[in-house]
Amino acid sequence: MSHIDTFNITIIGAGVIGLAIAEELSFQHERVLVVEKNTGFGQETSSRNSEVIHAGIYYPHGFLKAAFCTDGNTLLYRLCRERKIPHTRIGKLIVATDEEECGKLASIQKHAEGNGVRDLTLLGKKQILTLEPEVVAKAAIFSPSTGIIDSHSLMRSFCVNAESNGAIVAFRSEVTAIHNEYGSYELETNRGEYRLRTKLLINCAGLYSDRIAALAGIDIDRHGYRLKYCKGNYFTASPAPKLHHLVYPVPPENTVSLGIHATRDLGNRIKFGPDSHYVDEIEYTIDEGRKASFYHSIKKYLPGIKEDALHPDMCGIRPKLQGPGEPYRDFIIQDEKEKGYPGLINLIGIESPGLTSCVAIARYVSSIVSQYF
Ligand SMILES: Cc1cc2nc3c(=O)[nH]c(=O)nc-3n(C[C@H](O)[C@H](O)[C@H](O)COP(=O)(O)OP(=O)(O)OC[C@H]3O[C@@H](n4cnc5c(N)ncnc54)[C@H](O)[C@@H]3O)c2cc1C
């Protein structure tokens, strides 16, 4: 009989979610494996985002997104302090530029309180100018617990800790087949180059997580697991406005994105975005033709910006469960035993606030895993 390696737990995907889970599980379990198709960790959505530690203001009450974001915010700041991961509690302004938007601020604050975010304050025109001399707005909300983080350092820390606890992180290993052996899963990587058996299988494959669920045998259309890709482009500005906080508009009604905002990274670089539009393919070219729409959105709160100062920067793709015009969806984090797949844990639709939520999600998945040991 040919030899096959066996693991207790296999995690597909070395993005921020897979790595956070790997570290958490590596403290309690032996024979933990992470398989990643790329040559290193975090080369997809986890390195194509705004790197914002969100406070949890907008998510619908009772959603996993709301609970994981608020818990994750506290947990992530604590972890950053303990491990000296570069981050700043920079604070964010949500700025209202007309009367209609001003009318929405109080209800945004009330909604946030329902999610446990009680540190928001309302600011008038003068206070805004003191905080941000280049921003013009009639009123704003200030969120002091919104911050920014070096997500690469965060992922490296998860990866190093998982490995030093004995977990294996295997790069260049694309899962290409999954066989349900009823009690364990047999996986093929790189079309049969390597085979392994695992008791538990955790699907953290980001934009490909619906395909992994389908490979395991789940009917992704019947269960509403099929992902839609929603691209978000970023532009930089040169010369850049001087901003001291993150500046967001009052979000549009469509709930697909938070509107084109200004973020500052830890190197003090200002970038604007992301916008949002659905695409059919995963590819990362940036359409320069979007510059005009960026300019029109930004100049509402930064009237000093010049259109020709804007330059395409980067883009990311949101793994969305809702298509255009469809109702807002929550993260799927599901032990599939009731579908006949005991020990298969799917994480699908982990869009924003996935980065903020990573430690909270890892703890939640760990509580599911503990039922099997
Ligand atoms: C434009 C944009 C802005 C965002 N801004 C923020 C923000 O400011 N704050 C915040 O909290 N969140 C933000 N997010 C969300 C956040 O980036 C994601 O929730 C998070 O990065 C998801 O991490 P992940 O590990 O699930 O996915 P990924 O980082 O995509 O990792 C999945 C991994 O699985 C691997 N994989 C896929 N298929 C296979 C296979 N068959 N075999 C082996 N490996 C496989 C991939 O190669 C990849 O490395 C943003 C997202 C976008 C798109």
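Residues numbered from 1 in each chain as written. Predicted model: local features only at pLDDT ≥ 70, side-chain atom pairs only at ≥ 80, totals over all residues. Heavy atoms only, no water.

## Points about the overall build of the protein
Operational definition: Secondary structure follows DSSP: runs of H or I at least 4 residues long count as helices, runs of E at least 2 residues long count as strands, and numbering of each begins at the N terminus. With a 1.4 Å probe rolled over the protein chains alone, any residue whose accessible area is under 20% of its type maximum counts as buried; one over 50% counts as exposed, and the rest are partly exposed. Contacts are residue-level and defined by heavy atoms, with any inter-residue pair within 4.5 Å sufficient. Methods summary: accessible areas were calculated by the Shrake-Rupley approach with a probe of 1.4 Å, and residue burial reflects only the protein chains presented.
The helix and strand inventory of the protein stands at 8 helices and 20 strands. By principal-axis analysis of the C-alpha atoms, the protein measures approximately 75 × 40 × 35 Å. Taking all 373 residues of the protein together, 55% fall into the buried category. The long-range share in the protein, meaning contacts at least 24 apart out of those at least 6 apart in sequence, stands at 73%. With the model as given, the accessible surface of the protein reaches about 16,000 Å², and the carbon-plus-sulfur share is 50%.

## Digging into the domain arrangement of the protein
Put simply, the rule is: These domain boundaries are the output of an automatic or database domain assignment. When two parts are put together, the accessible area they lose, computed with a 1.4 Å probe and summed over both, is reported as buried area. For salt bridges, the criterion is a side-chain nitrogen of Lys or Arg within 4 Å of an Asp or Glu carboxyl oxygen.
The domains assigned to the protein are domain 1 (5-47 + 152-226 + 328-372) and domain 2 (92-144 + 228-320). Counting residues at the interface gives 11 residues for domain 1 and 10 residues for domain 2. Each partner contributes to the roughly 930 Å² buried at the junction of domain 1 and domain 2, and carbon and sulfur atoms together form 54% of this total. Three residues stand out in domain 1 for area buried against domain 2, namely Leu207, Arg226 and Glu351, and they jointly supply 52% of the buried area on that side. For the pair domain 1 and domain 2, the number of links is 1 salt bridge.

## Some words on the sheet that holds strand β3 (residues 52-53)
Whether parallel or antiparallel, the strands of a sheet pair through hydrogen bonds between backbone atoms. Our working definition: DSSP-based pairing: two strands are paired if at least 2 bridges between them are found.
Strand order in the open sheet formed by 3 strands is β3-β8-β4, with antiparallel pairing between adjacent strands. The open sheet has two edge strands with one neighbour each: β3 and β4 (87-88). Note that β4 and strand β8 (residues 147-149) share 2 bridges and pair antiparallel. Residue pairing in the sheet places histidine 87 in a bridge with isoleucine 149 of β8.

## Quick word on the environment of isoleucine 141
Here isoleucine 141 lies in strand β7 (residues 139-143). Taking the C-alpha atoms as reference points, isoleucine 141 and leucine 120, 21 residues apart in sequence, are found 6.4 Å from one another. Discounting chain neighbours no more than four positions away, the residues touching isoleucine 141 are Lys92, Leu93, Ile94, Leu105, Ile108, Gln109, Leu120, Thr121 and Leu122.

## Focus on the pairing of strand β10 (residues 175-180)
Of all 6 residues making up β10, 5 are buried, and the element is well covered by its neighbours. Of the strand pairs in this sheet, β10 and strand β11 (residues 185-189) are connected by 5 bridges, and their pairing is antiparallel. Paired with histidine 179 across the strands is glutamate 186, a residue of β11. What sits between β10 and β11 in their antiparallel hairpin is a turn of 4 residues, with tyrosine 182 showing a positive phi close to 50°.

## What about the site of the ligand?
For clarity, the cut-off: Throughout this document, a residue counts as near a molecule or strand when at least one of its heavy atoms sits within 4 Å of that molecule or strand. For this analysis, a polar contact is any N or O atom pair within 3.5 Å, provided that within protein one partner can donate a hydrogen and the other can accept it, and provided that sequence-adjacent residues contribute only side-chain to side-chain pairs. Under the scheme applied, nonpolar residues are Ala, Val, Leu, Ile, Met, Phe, Trp, Tyr, Cys and Pro; charged residues are Asp, Glu, Lys and Arg; polar residues are all the others, including Gly.
Near the ligand lie 39 residues; those nearest to it are Glu36, Ser46, Val52, Ile350 and Thr356. A distance of 3.1 Å separates a nitrogen atom of the ligand from a polar atom in the backbone of lysine 37. The separation between a nitrogen atom of the ligand and a polar main-chain atom of valine 52 is 2.8 Å. The fraction of the free accessible surface of the ligand (1,000 Å²) that becomes covered by protein chains is 98%. Elements with a contribution of two residues or more to the shell around the ligand: α1 (16-26), β18 (310-320) and α8 (354-369). Tallied by class, the residues present in the shell around the ligand amount to 17 nonpolar, 14 polar and 8 charged. Looking at which domains feed residues into the shell around the ligand, each of domain 1 (5-47 + 152-226 + 328-372) and domain 2 (92-144 + 228-320) supplies at least three.

## Side note on the environment of tyrosine 229
Tracing the backbone through its elements, the reader meets tyrosine 229 in strand β13 (residues 228-237). Looking at tyrosine 229, the relative accessible area reads 10%, which means it is buried. The contacts of tyrosine 229, once residues within four sequence positions are left out, are Leu207, Arg211, His277, Tyr278, Val279, Asp280, Glu281, Ile282, Ile317 and Arg318. Engagement of the side chain of tyrosine 229 in a polar contact is seen with the side chain of arginine 211, the distance being 3.1 Å.

## With respect to the state of the cysteines
What counts, and what does not: The definition used for a disulfide is geometric: two cysteine sulfur atoms within 2.5 Å.
Inspection of every chain in the model, using the stated rule, returns 0 disulfides. Cysteine 204 takes part in no disulfide bond, and the closest cysteine sulfur, belonging to cysteine 358, lies 11 Å away. Among the cysteines around cysteine 230, which has no disulfide bond, cysteine 315 carries the closest sulfur, lying 12 Å off.

## Looking at helix α2 (residues 64-83)
Basically, it comes down to this: One less than the number of residues in a helix, times 1.5 Å, gives the span that helix is expected to have. Axes are fitted to the seven residues ending at a residue and to the seven starting at it; the angle between these axes is taken as the bend at that residue.
Taking 1.5 Å of rise per residue, 20 residues should cover 28 Å, and α2 covers 26 Å from first to last C-alpha, within 8% of that figure. The largest bend along α2 reaches roughly 30° and is located at glycine 72. All of the buried residues along α2 are Lys65, Ala66, Phe68, Cys69, Thr70, Gly72, Asn73, Leu75, Leu76, Tyr77, Leu79 and Cys80. Of the surrounding elements, those touching the buried residues of α2 are β3, β4, β8, α5 (151-164), β19 (332-335) and α8. A positive phi of about 55° marks lysine 84, the residue just after α2.

## Remarks on the packing of α2 against α5
Relative orientation and spacing of two packed helices are given, respectively, by the angle between their axes and the distance between those axes. We apply this condition: Axis lines are fitted to C-alpha atoms, over the contacting stretch for helices. Their N-to-C directions set the angle, which ranges from 0 to 180 degrees. Just so you know how the angles are binned, under 35 degrees is roughly parallel, over 145 roughly antiparallel, 65 to 115 roughly perpendicular, and the rest oblique.
Two elements in contact, α2 and α5, have axes separated by 12 Å at closest approach and are oriented at 75°. Comparing their axes, α5 and α2 come out roughly perpendicular. Listed contacts from α5 to Leu76, Leu79 and Arg83 of α2 are Leu154, Ser157, Phe158 and Asn161. Taken together, the residues of the contact of α2 with α5 break down into 4 nonpolar, 2 polar and 1 charged.

## Quick look at the packing of α5 against α8
Heads up, the condition is: Rotating anticlockwise by less than a right angle from the far helix to the near helix defines a left-handed crossing, while the corresponding clockwise rotation defines a right-handed one.
Contact geometry for α5 and α8: axes closest at 12 Å, N-to-C directions at 20°. In this view, α5 runs roughly parallel relative to α8, as classed from their interaxial angle. Seen along the crossing, α5 lies across α8 with a hand that is left-handed. Residues Ser151, Leu154 and Phe158 of α5 form the contact with α8, whose own contacting residues are Leu355, Cys358 and Val359.

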